[in-house]
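Results of the structural survey
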Amino acid sequence: MPSSPDRPGRPGHSGRSDRPGHPGSGGSGAPFTRLDFQLVLLRRMADHNPELVEDARRRLGVSAAAMREANKRWQAMVRSPRGRSAASRYRSVLGEPELTRRRVLGDLECEARLWPVPLWPDLRFEVLVGPSGAVWNEWLVRAPGDPGPALRTLADLTPWSCTVDEAARAFPGARPLQGSAPTRWGLALTVPDGDGGRWECVAEFTWGLLQRLAVTGAASG
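The structure displayed is predicted, hence computed values, not measured ones.

**Digging into the overall build of the chain**
Looking only at helices and strands, the chain features 5 helices and 8 strands. Taken from N to C terminus, the helices and strands of the chain fall in the order α-α-α-α-β-β-β-β-α-β-β-β-β. The buried share of the chain, taken over its 221 residues, is 47%. Surface summary for the chain: the accessible area is close to 11200 Å², and the carbon and sulfur share equals 49%.

Rendered as structure tokens:
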């Protein structure tokens with residue numbers, strides 16, 4: 001049985017030049033910026049890929065303590081009974097969306113709001129907002145117009161290489177799995193290797209970005 005691929009993806013190089021968004025209510029008196037929000041994304045990913053996160057944090061020029069503090073402030077904002085709604089919170093921190101578009105999910109319609117994420121210049125942070133203003137989903141997606149990765153075999157499914165929807169499209173029959181936290185998702189996939197074998201796998205995602213792939217057995221048939 002092949003081992004799970006572990007070649008890391010690479011973040012972009014533009015994190016240090018990130019401009020702050022509008023002030024958020026971070027609880028410490030200081031504005032909660034786009035830089036802080038990127039640290040929140042990284043903090044969740046550190047559970048699976050600490051080396052990738054460490055590299056990205058250094059590119060941003062911030063300490064591990066600053067990353068922990070940003071996550072602490074974000075959690076306080078999310079849990080505050082007097083805080084903003086989720087949709088308002090993202091707009092406050094990230095500014096006006098780069099792109100807003102209508103999205104139809106089954107027989108439901110929502111608004112997709114997308115913001116750039118300097119750490120991953122080929123991705124966007126997408127928030128789906130329903131007619132009532134409630135946030136239905138929040139994760140990283142491929143930037144409009146970007147072709148994305150070619151996903152064909154196990155070797156292509158490396159950490160940070162693809163998003164949930166890209167993996168699901170690349171391997172027909174993918175089944176969604178319940179994640180271990182609100183920011184985590186899973187997919188059960190059947191993926192070929194480079195020698196023609198087929199393997200049952202579980203792909204784990206944080207904020208919509210692939211974190212790791214576990215091979216669970218040979219595919220039948």
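**Things to note about the packing of helix H1 (residues 34-45) against helix H3 (residues 64-79)**
Where H1 meets H3, the axes come as close as 8 Å, and the angle between the chain directions of the two elements is 100°. Compared by their axis directions, H1 and H3 come out roughly perpendicular. Mapping the contact onto sequence places Asp 36, Phe 37, Leu 39, Val 40, Leu 42, Arg 43 and Arg 44 in H1 and Ala 66, Met 67, Arg 68, Ala 70, Asn 71, Arg 73, Trp 74 and Gln 75 in H3. For the contact of H1 with H3, the residue count by class is 8 nonpolar, 2 polar and 5 charged.

**Quick look at the pairing of strand S1 (residues 99-105)**
Every other side chain in a regular strand lies on the same face of the sheet, so the side chains alternate between the two faces. Here S1 runs beside strand S2 (residues 108-116); their pairing, made up of 7 bridges, is antiparallel. Bridging from a neighbouring strand, Leu 99 pairs with Leu 114 of S2. Connecting S1 to the antiparallel partner S2 that follows it, the hairpin turn spans 2 residues, and Gly 106 within it adopts a positive phi of roughly 65°.

**Notes on the environment of Leu 39**
With respect to the helices and strands, the residue Leu 39 is situated in helix H1. A sequence separation of 21 residues divides Leu 39 from Leu 60, and the C-alpha atoms of the two residues are 8.8 Å apart. Leu 39 has contacts with Leu 60, Val 62, Ala 66, Met 67 and Ala 70, leaving out every residue within four places of it along the chain.

**Comments concerning the pattern of salt bridges**
Following the criterion strictly, the structure yields 15 salt bridges and no others. The residue Asp 36 makes a salt bridge to Arg 73 at a minimum N-O spacing of 3.9 Å. Note that Asp 36 is positioned in helix H1 and Arg 73 in helix H3, a separation of 37 residues in sequence. With respect to burial, Asp 36 and Arg 73 carry one shared label: buried. A salt bridge links Arg 169 to Asp 165; the shortest N-O distance between them is 3.2 Å. Here Arg 169 and its partner Asp 165 are both found in helix H5 (residues 164-170), 4 residues apart, which amounts to about one turn of the helix.

**A short note on helix H2 (residues 50-60)**
Within the sequence span of H2, burial applies to Leu 52, Val 53, Ala 56, Arg 57 and Leu 60. One side of H2 holds all its buried residues, which, seen down the axis, span an arc of 135°. Summarising the geometry of H2, the exposed residues directed more than 90 degrees from the buried face are Glu 51 and Arg 58. A positive backbone phi angle near 75° is found at Gly 61, which sits one or two residues after H2.

**Some points on the packing of H3 against helix H4 (residues 86-94)**
H4 packs onto H3 with a crossing angle of 145° between their chain directions and a minimal axis gap of 11 Å. Read as a crossing pair, H3 and H4 show a hand that is right-handed. Judged by residue contacts, Trp 74, Met 77 and Val 78 of H3 engage Arg 89, Tyr 90 and Val 93 from H4. Among the residues making up the contact of H3 with H4, the classes are represented as 5 nonpolar, no polar and 1 charged.

Cut-offs applied
Residues numbered from 1 in each chain as written. Predicted model: local features only at pLDDT ≥ 70, side-chain atom pairs only at ≥ 80, totals over all residues. Heavy atoms only, no water. Helix = DSSP H or I, 4+ residues; strand = E, 2+ residues; numbered from the N terminus. Buried < 20%, exposed > 50% of the residue type's maximum accessible area, 1.4 Å probe, protein only. Areas by Shrake-Rupley, 256 points an atom, 1.4 Å probe, with all protein chains shown as cover. Axes fitted to C-alpha atoms, helices over the stretch in contact; angles between N-to-C directions. Parallel < 35°, antiparallel > 145°, perpendicular 65-115°, else oblique. Contact = heavy atoms within 4.5 Å. Nonpolar A, V, L, I, M, F, W, Y, C, P; charged D, E, K, R; others polar. Pairing = 2+ DSSP bridges. Salt bridge = Lys/Arg side-chain N within 4 Å of Asp/Glu carboxyl O. Arc of directions from axis to C-beta. Left-handed = near helix turned anticlockwise from the far one by under 90°.

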